[in-house]
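# Breakdown of the fold
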Amino acid sequence: MKKIVLLAALAIFSVTGVNAQKKAAKASKIAPSKVETPKVDGPGIVFENETIDYGTIPADSDGNRKFVFTNNGNKPLIISNTQGSCGCTVPTTPKEPIAPGAQGFIGVKYATDRAGQSFTKTVTVTSNAVGQETKVLTIKGNVLPRETPATPAAPTKS
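Just so we're clear, the structure is a prediction, and the values are computed from it rather than from any experiment.

## A closer look at the overall build of the protein chain
If you tally the helices and strands in the protein chain, you get 1 helix and 8 strands. Each helix and strand of the protein chain, ordered N terminal to C terminal, gives the series α-β-β-β-β-β-β-β-β. Counting only residues that meet the buried cut, the protein chain has 26% of its 158 residues in that class. Across the protein chain, every contact between residues at least 6 apart in sequence was considered, and the portion connecting residues at least 24 apart equals 68%. With an accessible surface of roughly 11000 Å², the protein chain has 58% of that area assigned to carbon and sulfur atoms.

Here you go:
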């Protein structure tokens, strides 16, 4: 009799567990809600990130990065100018208009030969984006000092 009661309890527990797993599986299949980018009447610009953190990088490493953006408007977006805050920050400007809904990028190269320094620099973007004709983007990070070669010991006389 104890075996029958135990088996019945296990069967109920198993069915309950399976049902809970099915409910959890259904819940996980629900698509996560996407944050909708507001649409703009005219050209628009929305950046994935307005700050790029290089982190801590070695001296003379690759200083190239990209600011990715989307034209969230209904007319072509034209980037007319990009300007770095100093000569060590060199941006690149897209040459062609960016179609509505399309992505583009602003390239930026930081001079990583400036060893042993932390940096925070800006890139000013000028465009025909409605309400955002000028946008300031930021790069930041820390360039490690160069390693100095060990000085060989002077030979000893015997």
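## Topic: the confidence of the model for the protein chain
Here the protein chain averages 82 in pLDDT, and 70% of its residues register 70 or above. Put simply, helix H1 (residues 2-29) is where the protein chain has its lowest mean pLDDT, 45, and strand E3 (residues 64-70) is where it has its highest, 98. Below pLDDT 50 for its whole length, residues 2-35 participates in 0 contacts with residues either more than four positions away or in separate chains.

## Digging into the nonpolar core
A general feature of soluble globular proteins is that nonpolar side chains tend to end up buried together. Grouped together as the largest cluster of nonpolar side chains are 22 residues, with contacts concentrated most on Tyr54, Phe67, Phe69, Ile106 and Ile139. Secondary-structure elements contributing two or more residues to this core are strand E2 (51-57), E3, strand E6 (103-110), strand E7 (117-127) and strand E8 (134-143).

## Observations regarding the sheet that holds strand E1 (residues 46-47)
Taken in spatial order, the 4 strands line up as E1-E3-E6-E5 in an open sheet, and their pairing is antiparallel. Two strands bound the open sheet, and with one partner strand each, they are E1 and strand E5 (89-92).

## Comments concerning the pattern of salt bridges
Applying the stated rule across the entire model yields 2 salt bridges. The residue glutamate 50 makes a salt bridge to lysine 135 at a minimum N-O spacing of 3.0 Å. Placement of glutamate 50 in the loop between E1 and E2 and of lysine 135 in strand E8 is noted, with a sequence separation of 85 residues between them. On the basis of relative accessibility, which here comes to 17%, the residue lysine 135 falls in the buried class. Across the pair arginine 146 and aspartate 60 runs a salt bridge whose closest N-O atoms are separated by 3.0 Å.

## A short note on the sheet that holds E2
Spatially, the 4 strands line up as an open sheet ordered E2-E8-E7-E4, and their pairing is mixed. Two strands in the sheet have a free side with no partner beyond their single neighbour: E2 and strand E4 (79-84). Across this sheet, the average inter-strand angle for adjacent strands is 15 degrees, counted without regard to direction. Sheet topology places E4 next to E7; 5 bridges connect them, and they run antiparallel. Considered in E7, the bridge of glutamine 83 is made with threonine 124.

Rules used throughout
Residues numbered from 1 in each chain as written. Predicted model: local features only at pLDDT ≥ 70, side-chain atom pairs only at ≥ 80, totals over all residues. Heavy atoms only, no water. Helix = DSSP H or I, 4+ residues; strand = E, 2+ residues; numbered from the N terminus. Buried < 20%, exposed > 50% of the residue type's maximum accessible area, 1.4 Å probe, protein only. Contact = heavy atoms within 4.5 Å. Areas by Shrake-Rupley, 256 points an atom, 1.4 Å probe, with all protein chains shown as cover. pLDDT = per-residue confidence, 0-100. Core = buried A, V, L, I, M, F, W, Y, C linked by side-chain atoms within 4.5 Å. Pairing = 2+ DSSP bridges. Salt bridge = Lys/Arg side-chain N within 4 Å of Asp/Glu carboxyl O. Axes fitted to C-alpha atoms, helices over the stretch in contact; angles between N-to-C directions.

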